[in-house]
Amino acid sequence: MVDEFEASQSSVSAASFDIKKFMFRALSYWKLFLLLLALAFFYVYQKNIREEFSYRLGTKISIEDDSNPLFTSNASLTFNWGGVTAKLQTMIVTLKSRSHHEKVVERLEFYKSYLKQGRFRKQDIYKSAPFRFNHDYNYAQLIDVPIKVTLLDEDTFELEVEFLGNGVNAQNYVDKKISRIGVDPGVFKKQFKIGEAFTLPFLKGTIVLNENNRVNPNENYFFQFNNFDGVVASYKARTNVSNPNGSPILDISLIDKNTDKIVDYLNAAVTVLSEDQLNRKNQYATNAIEFIDEQISRVKNELTNNAEALNDYRKENKFFSLDDESVILNEKITKLDAEKEDVNRQLNYYFNLKSYLTSSSSFTDIPAPSIAGITDANILSNVTKINELSVQKSKLQYSVRNDASIFNDLNRQIDGLKSVLQENISAATDVLNRQLKIINGRLKTVESQFSKLPEDQQQLITIERQYSLSEQTYNVFLAKRGEAEIIKASNVSDILVIDSAKNAGAQLLGRNLNIRYVFAFFAALLVPLVIAFVLTFLDNSVHSPIDIEQLSPIPILGVVAKSKLGTSLIVHEKPNSVVAEAFRAMRSNLQFFYKSKEIQGAKSLLITSTVSGEGKTYCSMNIATVFALSDKKTVLVGLDLRKPRIFDDFKIRKDIGVVNYLIGDKSLDEIVQKTDIDHLDVITSGPIPPNPLELLMNSRLDELIKQLKEKYDYIILDTPPIGLVADAMELFDYVDTSLYIVRQDYTKKWMLNFINDKYDSGQIKNISIVYNAYDRKAKYGMGYGYGYGYGYGYGNYAKGYHETIDNSPRILKKIRSVFKR
C-alpha cells in the first residue's frame, strides 16, 4: 500500500500555474505591501533629504592664429608657429593632461578645503569661511582628517583634531611627498592667537581672518588637507573638453558641488593654459635671446681687447691717421673680413645644428637659424617644424600613457625632418665653403697690396681691422637681440576667451528624486508578488473544493467549515453553527444515497483519508452525532488500531474496545460505551495491538459488524488513513458507502491520485469526498458558494439562522461594527 502511495506521488505531473490563485494570494499580502511601502517611502525620503546635488558650469574659448604684427618681410628674425588645427589638438590634450590640472590645483590651493557641519554632512563653504589658513608649503601637513577651528573671539581660536590611531599621513606640498607622523590617539585641543604662526608635529601655518567677515564667537568650522594627487585626479575626471563641429571653439565644463569653486577652477584653467601657450610661443625667441647673449658676451670681450690694443698703439707710436691709399685698403679688408665672418658664423651654426640633430633626442632648444644670418627657406621651415613636433611630443608624455602609436607617428615625422635637414645642411655647407674660398682669394689679393705699405701703417691697419670686425659683429648681435626682445614682448596668446566662467545658470545635475518613490512603490509591490508567485508555483496543496473537482472524478458530498472552537463535538455543543449545519446537510445527502440504493435495515459508513491530520476522526464523531440527534441508534466504531483518538472528546475509557473483541477477550456488550449524547454509542479501538492488519482480517470482525447491524440503525467506522496503511482497504467490503476526507491547505494534490486510481479501477465504489476545514478568508480567496452546505455564499442573509462564532477581541468587534454601519 505504501509503495502504491509513493508511486502515485512520483507519477504526478506538474500542474499548470494557477493565475487566479496567484492573484488572490498576492492580494492577501496587502498588509505586508503597506508595511513595505511605508518602509520604502521612509527610506527614500531619508535618502532624498540627504542628497547633495552637483552642478555643471562651463567656459568657452577660441583658438586663434594671432601672428605678431611686427613679423614683416624686413624683419631679420622669423618664427613660424603652425596652423590652428595643430594648436587646437594641442590645447585639447593639454586641458585633459594631468600636468595642467596639477598647475591649476596648486595655484588655487584646492587641495585645502574649508568646511562647516551641516544637517547630515560637512559642507564645502569655500570662500564663505571667515578665516584662511596660510600653511607652510615646505612642511608636512596633516591630510584626510578634518581639523576643527572654533573662533573664540577676534584674537583667539581653538584648534581641535581627533586621532583614531597612533599615526597619521602628512604631505609636503612642495615635493608632494607623503610621510607618516606619530600621534597620540584621542582628541588634540589647543588655543592659539589669530595671525600668529604656530607649529605642531602635524601642522604648521597661520590662521588669519578674512576682510569684511564677522566673527561669531564659538562657531565651529573645519579645514582639511587632501592628497594632492587624489584632488588632481578628481578634477581631471570631472573636467570635460569638447570641440563642437570641428570649429576652433573649445567648450570646457566642470562638475562640482560648489559653483564658486567651478568658476574659479575654470577661469584658472584657462589662465594657466594661456600662460603656458604664450610661454611656448615665446620659447623660440627665448632660445634665440639666450644664444645671442652668449655671442654678445664673447664678442664684447674681443671688442674691448681690440679697442685697448688700438688705443695703446696710437699712444705709443703717436700715429693717429692713415693716408688715402691705406684707408682704401683698410675698407676693402674690413668688408671682406665681415663677409668672411658672416660665412663662418653660418658654417658654425650648421655644424652645431648637425651635431645637435645627431646627438639630441629633444629639439625644443634649437635657436632660430636667422640668428646666424641664415635665410634658406627650407632650413627655416624644417627647423620650425621639428621644434613644433618636439614640443608636441614632450606635451603628450604627460597625458597619453599607453597609446604608443601616437609617439611612433611623431618619431617617424621627426626622423624624416632630421634626414631632410641634414641634406639641406650638407647642400648649404657646400655653397658656403665655395663662398668662403672666393672671399679668402680676394683677401689674399688685398693683403698682397697691404704688404707693400709701411710697417707702422700695416700694424695700425691690422689692429683697426680686428677692432672693426668685432664692432660689426657686436652691432649685428645687438640688433638681432633687440628684434627678438621686441617680438617676444609683442606676442599675444592664441587663446581668446569668449565666455568666461560665471556663477549664473548653473546646470543642476542628478536624477529626479521623486522617481525614487515610484521605484519604491514597485519594489514594495514586487516583494509580495514574488512571495505569492514562489509559494503558488511551489504550492501543491488543495485550497478549495474547485481543486477537488478539477483533480478527482469522485463527487463531493459536503463542505465543512473551519472551526475555531476547542472541541471536536461541534454538532453537539454548537448545534446552530454553520459547521453543524454542514454535517446535517451531509446527513441528508447520505440518507438520499441510501434511499436511492434501496438499502434497508442498518446502514453502514466508512470514513478515511489519505494521511493523518486531515480530520477523519473529527468528521466521524460529528457525522455519528448528527445521525444520533435524528433519534437513530448510532454506533461509532474506532477501527484505527494504530493511532486511536475517539475517546478524549467523549470522555470514555480507551483500554477496552475492538481489539479486545477481536482477540476474544471481551464480548460486544462489554466493549460498547455509552455517551452523553442520546442514541449514540462508541466502541473505541482499545489497546494498540502488535498486528493490527491481521486482527482486521480476523473472522471475528465479520461477526462484530453483523451483530452491530442487528442492534443499530447507523454504523460509522473510523478507519486508518488509506494512504499510509492497508488496514482501511480491508474494511470497504463491510460498508454501504465511504467518505474520503480532504483538508484545505493540508492535503496535497498528488495524494488524490491514489484514491482516484482505486476508484477508476473499481476497487472502491460508492465513495464521496468531504472537504474539511474550509476557510473562505484564506489567502487563496476562492469562495465556493452554496451547494454543499448551508451558509456558504449568503453573507449577511444567513444572519439569524446560524450561530456566528467570533473570537475576536472586543475592540476589534467594535471597529468591525463601525465599518459595517
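All of the points below concern the structure found in this document. Worth saying up front: this structure is predicted, and the values here are computed from it rather than measured.

**Looking at the overall build of the protein chain**
Inference 1: Each helix and strand counted, the protein chain has 23 helices and 25 strands in total.
Inference 2: Within the span of the protein chain, comprising 821 residues, buried residues form 46% of the whole.
Inference 3: Within the protein chain, counting contacts between residues at least 6 apart in sequence, those at least 24 apart form 79% of the total.
Inference 4: Of the roughly 42,300 Å² that the protein chain leaves accessible, carbon and sulfur atoms contribute 50%.

**Side note on the packing of helix 3 (residues 30–49) against helix 12 (residues 515–538)**
Inference 1: It is at 9 Å that the axes of helix 3 and helix 12 come closest, and there the two elements cross at 150 degrees. Relative to helix 12, the element helix 3 lies roughly antiparallel. Of the two possible hands of crossing, helix 3 and helix 12 adopt the one that is right-handed. Contacts between helix 3 and helix 12 involve Leu32, Phe33, Leu36, Leu37, Ala40, Phe41, Val44, Tyr45, Lys47 and Asn48 from the former and Arg516, Tyr517, Ala520, Phe521, Ala524, Leu525, Val527, Pro528 and Ile531 from the latter.
Inference 2: When grouped by side-chain class, the residues that make up the contact of helix 3 with helix 12 number 16 nonpolar, 1 polar and 2 charged.

**Observations regarding the packing of helix 5 (residues 98–108) against helix 6 (residues 228–238)**
Inference 1: With their axes 9 Å apart at the nearest point, helix 5 and helix 6 run at an angle of 115 degrees to one another. With respect to their mutual orientation, helix 5 and helix 6 come out roughly perpendicular. When you trace helix 5 past helix 6, the crossing you get is right-handed. Only Phe228, Asp229, Val231, Val232, Tyr235 and Lys236 of helix 6 make contact with helix 5, whose side of the interface consists of Arg98, His101, Glu102, Val105 and Glu106.

**Considerations on the layout of surface pockets**
Inference 1: For the second largest pocket, the calculated volume is near 600 Å³.
Inference 2: Surrounding the second largest pocket, 30 residues form its lining, Gly613, Gly615, Lys616, Tyr618 and Arg645 being those nearest its centre.
Inference 3: Here the lining of the second largest pocket is built from residues that sort into 10 nonpolar, 9 polar and 11 charged.

**Quick word on the pairing of strand 14 (residues 239–242)**
Inference 1: In strand 14, alternate side chains face the same way, and those of Thr239 and Val241 are buried while those of Asn240 and Ser242 on the opposite face are not.
Inference 2: Direction of pairing for strand 14 relative to strand 15 (residues 249–256): antiparallel, over a ladder of 4 bridges. Residue serine 242 lies in a different strand from strand 15, and its bridge partner there is aspartate 251.

**Looking at empty space enclosed by the protein**
Inference 1: Overall, the coordinates contain 2 cavities of 30 Å³ or more when judged by the stated rule.
Inference 2: Empty space within the largest cavity amounts to approximately 60 Å³.
Inference 3: Considering the residues around the largest cavity, the lining is formed by 13 residues, among which Gly638, Pro644, Arg645, Ile646 and Ser685 are closest to the centre.
Inference 4: Residues belonging to the lining of the largest cavity are distributed by class as follows: 4 nonpolar, 4 polar and 5 charged.
Inference 5: By volume, the second largest cavity is sized at about 40 Å³.
Inference 6: Considering the residues around the second largest cavity, the lining is formed by Leu95, His100, His101, Thr239, Val241, Ile252, Tyr265, Leu266 and Ala269.
Inference 7: Every element with two or more residues in the lining of the second largest cavity is listed here: helix 5, strand 14 and helix 7 (259–317).

About the criteria used
- Residues numbered from 1 in each chain as written.
- Predicted model: local features only at pLDDT ≥ 70, side-chain atom pairs only at ≥ 80, totals over all residues.
- Heavy atoms only, no water.
- Helix = DSSP H or I, 4+ residues; strand = E, 2+ residues; numbered from the N terminus.
- Buried < 20%, exposed > 50% of the residue type's maximum accessible area, 1.4 Å probe, protein only.
- Contact = heavy atoms within 4.5 Å.
- Areas by Shrake-Rupley, 256 points an atom, 1.4 Å probe, with all protein chains shown as cover.
- Axes fitted to C-alpha atoms, helices over the stretch in contact; angles between N-to-C directions.
- Parallel < 35°, antiparallel > 145°, perpendicular 65-115°, else oblique.
- Left-handed = near helix turned anticlockwise from the far one by under 90°.
- Nonpolar A, V, L, I, M, F, W, Y, C, P; charged D, E, K, R; others polar.
- 1 Å grid on protein atoms, 1.4 Å probe; cavity = no way out; pocket = protein on both sides within 12 Å on 5 of 7 lines; lining within 4 Å.
- Points joined across faces, edges and corners; volume = space filled by probe spheres on them.
- Pairing = 2+ DSSP bridges.

By themselves, these are just geometric observations and shouldn't be taken as functional.
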